[in-house]
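# Examination of the molecular architecture
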Amino acid sequence: MKIVLVSRIDDEEALRYTASLARDLEDLGHGVTLEEGTAQRLGREGIPFEEITGDLVVVVGGDGSVLLTIHQMRKQVPVLGINWGEVGFLADLEPDEAGAFFATLKDGFRVERRMRVSLSVDGKHLGDALNEAVIVTERPAKMLRFGVYVDGIPSERFRADGLLISTPTGSTAYAMSAGGPIVDPQIEGFLLIPLAPYMLSSRPHLISTGRILEVTLETEKPAHLVIDGQSTFELEREAKVTVTRSSEPALFVHTGKPFFEKVNYKLRNL
Ligand SMILES: NC(=O)c1ccc[n+]([C@@H]2O[C@H](COP(=O)([O-])OP(=O)(O)OC[C@H]3O[C@@H](n4cnc5c(N)ncnc54)[C@H](O)[C@@H]3O)[C@@H](O)[C@H]2O)c1
Ligand SMILES: Nc1ncnc2c1ncn2[C@@H]1O[C@H](COP(=O)(O)OP(=O)(O)OP(=O)(O)O)[C@@H](O)[C@H]1O
């Protein structure tokens with residue numbers, strides 16, 4: 001198989017583990033390529049995230065490394081995270097479990113698709129989010145006024161610090177901390193969660209991906225749209241953000257770890 005290795009580049013141990021994994025995989029007869037940032041730190045040649053292609057991408061890091069890799073890949077390749085992070089909710093294997101997985105890799109693996117949301121502003125595509133897009137004020141401690149339209153019908157208007165547009169995968173991340181529900185990732189929907197809404201009745205909404213979802217900024221204040229904590233875009237005054245289900249879902253190696261078991265042991269004891 002053609003395998004690309006990505007390591008977090010802020011941890012020497014993760015880099016050493018990745019170098020050793022590269023040798024083991026080559027000994028098993030696989031073709032191994034390193035991501036450019038990882039390769040540079042190992043004194044080798046590599047390929048940019050955008051040019052990643054092949055059968056499998058192995059990310060040695062935490063959630064940020066997995067999110068960064070998926071966000072930067074131009075064409076989605078199945079991802080397997082080996083947890084070298086604080087939480088690693090999206091990194092299914094612990095380092096001591098990796099050997100058993102790679103020993104049977106030649107027999108292939110199942111792929112789990114995870115929906116992403118695609119964000120466009122005034123017709124220009126900004127990017128796709130696996131966790132969420134968050135719209136916040138550029139200056140701290142200021143509020144924005146939002147308008148939410150579902151299939152062109154005004155659904156809600158409210159003032160808040162910000163608004164999260166999350167996927168089910170992101171429901172265990174920022175959305176969870178913002179008081180949203182844990183959403184089974186087998187459900188496909190847009191989870192809308194206001195951040196500190198200045199209104200008694202503003203509630204999270206779970207909206208079918210079959211609908212047209214639009215969010216308008218109705219204030220004269222500068223705002224930012226941030227995708228998965230990885231990319232930030234300045235929003236013009238009175239911008240209209242259009243949310244659709246991405247045509248390119250993220251792909252994960254199906255390791256068989258039950259989602260709700262992960263919620264229990266990864267998020268209840270942080
Ligand atoms: N208050 C919060 O909970 C909060 C605030 C900002 C960002 N975030 C999350 O951080 C993500 C970016 O991750 P990062 O590592 O680059 O930022 P980071 O280093 O600030 O870490 C944020 C934390 O969120 C966890 N996380 C990320 N995705 C997750 C998921 N799908 N399920 C469960 N936990 C998850 C990470 O493990 C990490 O501990 C954003 O997409 C956002 O979801 C959370
Ligand atoms: N190959 C890379 N090139 C550039 N930056 C990277 C690379 N790999 C990881 N990073 C960045 O390094 C940081 C590593 O954080 P990561 O989320 O992996 O670990 P963590 O925060 O300790 O774990 P968790 O997110 O699970 O709590 C992330 O911000 C990620 O964007």
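Residues numbered from 1 in each chain as written. Chains lettered and ligands numbered in written order. Predicted model: local features only at pLDDT ≥ 70, side-chain atom pairs only at ≥ 80, totals over all residues. Heavy atoms only, no water.

## Observations regarding the site of ligand 2
Threshold: Being near a molecule or strand, for a residue, comes down to having at least one heavy atom within 4 Å of it. N or O atoms closer than or at 3.5 Å make up a polar contact, with two conditions inside protein: a donor-capable atom paired with an acceptor-capable one, and, for residues adjacent in sequence, both atoms drawn from side chains. Secondary structure elements are taken from DSSP: a helix is a run of H or I of four residues or more, a strand is a run of E of two residues or more, and numbering for both begins at the N terminus. Three classes are used, and their members are as follows: Ala, Val, Leu, Ile, Met, Phe, Trp, Tyr, Cys and Pro are nonpolar, Asp, Glu, Lys and Arg are charged, and the others, Gly among them, are polar.
Inspection of the region around ligand 2 gives 19 residues, with G62, D63, G64, S65 and G88 positioned closest. S7 places a polar main-chain atom, nitrogen or oxygen, 3.1 Å from a nitrogen atom of ligand 2. For the shell around ligand 2, the elements supplying multiple residues, two or more each, are β1 (2–7) and α3 (63–72). Examining the composition of the shell around ligand 2, we find that four residues originate from one element, α3, more than from any other. Partitioning the shell around ligand 2 into residue classes produces five nonpolar, nine polar and five charged.

## Considerations on the environment of G31
Definition in use: Burial classification: accessible surface area is computed with a 1.4 Å probe over protein chains only, and a residue below 20% of its type maximum counts as buried, one above 50% as exposed, and the rest as partly exposed. In what follows, residue pairs with any heavy atoms lying within 4.5 Å of each other are defined as contacts.
Along the polypeptide, G31 turns up in strand β2 (residues 31–34). Given the relative accessible area of 36%, G31 is considered partly exposed. Residues G31 and D107, spaced 76 residues apart in sequence, show a C-alpha to C-alpha distance of 16 Å. Setting aside its immediate chain neighbours within four residues, G31 contacts M1, K2 and I3.

## What to know about the domain arrangement of the protein chain
Note the following rule: Where a domain begins and ends is set by an automatic assignment or by a domain database. Here the buried area means the combined drop in accessible surface, using a 1.4 Å probe, for two parts upon being joined, counting both sides.
The domain boundaries assigned to the protein chain delineate domain 1 (2–114 + 249–268) and domain 2 (117–245). One C-alpha centre belongs to domain 1, the other to domain 2; they are set 29 Å apart. Domain 1 puts 14 residues into the contact, and the matching count from domain 2 is 14 residues. Area buried by domain 1 at its contact with domain 2 is led by L67, H71 and R114, which between them contribute 45% of it.

## Comments concerning the side chain of S202
Tracing the backbone through its elements, the reader meets S202 in the loop between β12 (189–195) and β13 (205–208). Looking at S202, its side chain comes within polar contact range of the side chain of E156, at 3.0 Å.

## As for the site of ligand 1
Operational definition: Only the protein chains shown count as cover for residues, and the accessible areas themselves come from Shrake-Rupley with a 1.4 Å probe.
Close contacts around ligand 1 come from 15 residues, with D63, N131, E132, T172 and S177 the closest. One nitrogen or oxygen atom from the side chain of Q230 is found 3.2 Å from an oxygen atom belonging to ligand 1. When ligand 1 is considered free in solution it has 760 Å² of accessible area, and contact with the protein chains removes 66% of it. Counting residues per element, the ones that place at least two in the shell around ligand 1 are α3 and α5 (174–177).

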